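Topology and contacts: notes
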Amino acid sequence: MTNETRTAIVTGAARGIGAAIALRFARDGLRVAVLDLEEAACQATADRIAAEGGTALAVGCDVADEDAVTSAVARVAAELGAPTILVNNAGIIRDNLIFKMTVDDWDAVMSVHLRGAFLMSRACQAHMKDAAFGRIVNLSSTSALGNRGQANYAAAKAGMQGLAKTLAIELGRYGVTANAIAPGFIQTDMTAATAERVGIPFDQFLEAAAKEIPVQRVGQPEDIAATASFLCSQDAGFVSGQVIYVAGGPRD
Ligand code: NAP
């Protein structure tokens, strides 16, 4: 089977890293389901893919909602083809120091990242098993190693690594690999929101971040898309259960 006959789902693909992964996958020849909370927001990414000659479907879905996930995956299978590639990218931040963090802040972050990745992976693995081929990529973060003000996010992102490793062990026998990408600082709306929260203009925030990174620049969504492209390729079939830090320098 070639890329042209494979279907990928990218969650949180209306913008940022997810949109870049969706575009890259389409350039790789995959059919792409662009999934995000609002279908209208997904349409912009789907239109960009179509304008380049690719095939995309905009799908509105809250990844934390079990019924919505079941319907969305069924719709993708019916309208685009069985999803055998899944990128669990949807994410939110609700940063605060632990003494100020609310239960809602904690639950919201766990829901989108962990419950969302669990529900999406569970819904897609049946299609992967039937096809005897599958690729799952979870978006983790360097914050998984611990980050001030991100107790909820760090715990969720460490969980995304554990989930990927376990899916690798359980699904490997069906030709399915599962890996995690742990980005460092990537220039998106998410890091712009962090700059706003700490009260620093975004360009100064980017400049300061770049100075701390060995390659002396911040990451772009395309840096993550290139890594996802490799991990989801036919050639990456022996790479499974790994965490790849894409951070412009070493992390452990
Ligand atoms: P972003 O620009 O904020 O995009 C995240 C997307 O996820 C948004 O379109 C958002 O939709 C969507 N989303 C949120 N909750 C959802 C839900 N319940 N169901 C479906 N979609 C949902 O973030 P990003 O910077 O591209 O980050 C993408 C991923 O990489 C996240 O998992 C993030 O944690 C991770 N990451 C980012 C960085 C970084 O430096 N940017 C670093 C490490 C890891 P709305 O716009 O409607 O909320």
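Residues numbered from 1 in each chain as written. Predicted model: local features only at pLDDT ≥ 70, side-chain atom pairs only at ≥ 80, totals over all residues. Heavy atoms only, no water.

Take the pattern of salt bridges next. Scanning the model with the defined rule gives eight salt bridges in all. Note that R122 and E66 form a salt bridge whose closest N and O atoms lie 2.8 Å from each other. Of this pair, R122 sits in helix α4 (residues 103–131) while E66 sits in helix α3 (residues 66–79), and the two are 56 residues apart along the sequence. R122 gets classed as partly exposed once you look at its relative accessible area, which sits at 41%. E66 sits in the partly exposed class, given a relative accessible area of 39%. With its nearest N and O atoms 3.1 Å apart, the salt bridge here joins R75 to E79. Taken together, the residues span about one helical turn, with R75 and E79 both in helix α3 at a distance of four residues. Residues joined in a network through salt bridges with shared partners are E39, R75 and E79. (Salt bridge = Lys/Arg side-chain N within 4 Å of Asp/Glu carboxyl O. Helix = DSSP H or I, 4+ residues; strand = E, 2+ residues; numbered from the N terminus. Buried < 20%, exposed > 50% of the residue type's maximum accessible area, 1.4 Å probe, protein only.)

Our focus in this paragraph is α4. For α4, with 29 residues, the first-to-last C-alpha span of 41 Å sits near the 42 Å given by 1.5 Å per residue. Taking the largest bend as the criterion, α4 deviates by roughly 40°, centred on S111. Turning to α4, its buried residues are D105, V109, M110, V112, H113, G116, A117, L119, M120, S121, C124 and M128. Positioned one or two residues after α4, A132 has a phi angle of 55°, which is positive. (Expected span 1.5 Å × (residues − 1). Bend = angle between axes of the 7 residues up to and from the residue.)

Mapped onto the secondary structure, D107 falls in helix α4. For the pair D107 and N152, spaced 45 residues apart in sequence, the C-alpha to C-alpha distance is 8.2 Å.

Here we take up the UniProt feature "domain: Ketoreductase" (unreviewed entry) in the chain. Following the UniProt record, one finds the feature "domain: Ketoreductase" (unreviewed entry) at residues 6–184. Spanning residues 6–184, this segment combines 50% helix with 20% strand, and its end C-alpha atoms are found 29 Å apart. (UniProt positions renumbered as here; feature names shortened; annotations may be inferred.)

This part is about empty space enclosed by the protein. All chains considered together, the criterion is met by one cavity of 30 Å³ or more. Here the largest cavity is characterised by a volume of approximately 50 Å³. What lines the largest cavity is simply T11, V63, N88, N89, A90, V112, H113, G116, A117 and M160. Ranked by the residues each element gives to the lining of the largest cavity, the list is headed by α4, at four residues. (1 Å grid on protein atoms, 1.4 Å probe; cavity = no way out; pocket = protein on both sides within 12 Å on 5 of 7 lines; lining within 4 Å. Points joined across faces, edges and corners; volume = space filled by probe spheres on them.)

A negative phi angle is the norm for most residues apart from glycine, just as the trans form is the norm for most peptide bonds. Even without a glycine there, the phi angle at A132 is positive, about 55°. With respect to the helices and strands, the residue A132 is situated in the loop between α4 and β5 (134–139). Overall, the relative accessible area of 54% leaves A132 in the exposed class. Here the phi dihedral of Q216 falls at roughly 65°; this positive angle occurs in a residue that is not glycine. Among the secondary structure elements, Q216 is positioned in the loop between α7 (202–211) and α8 (221–231).

Before going further, it helps to examine the nonpolar core. If you look at the biggest cluster of nonpolar residues, it comprises 34 residues, and the most contacted ones within it are I9, L35, M120, C124 and I136. Every element with two or more residues in this core is listed here: β2 (31–36), β3 (56–60), α3, α4, α5 (151–171) and β6 (176–183). Take this core: its biggest share by element is eight residues, from α4. Apart from the residues lying within four places of it in its own chain, the contact partners of C124 are I9, V73, P83 and L86. A8, V32, V87 and V137 belong to the second-largest nonpolar core, a separate cluster that totals 30 residues. (Core = buried A, V, L, I, M, F, W, Y, C linked by side-chain atoms within 4.5 Å. Contact = heavy atoms within 4.5 Å.)

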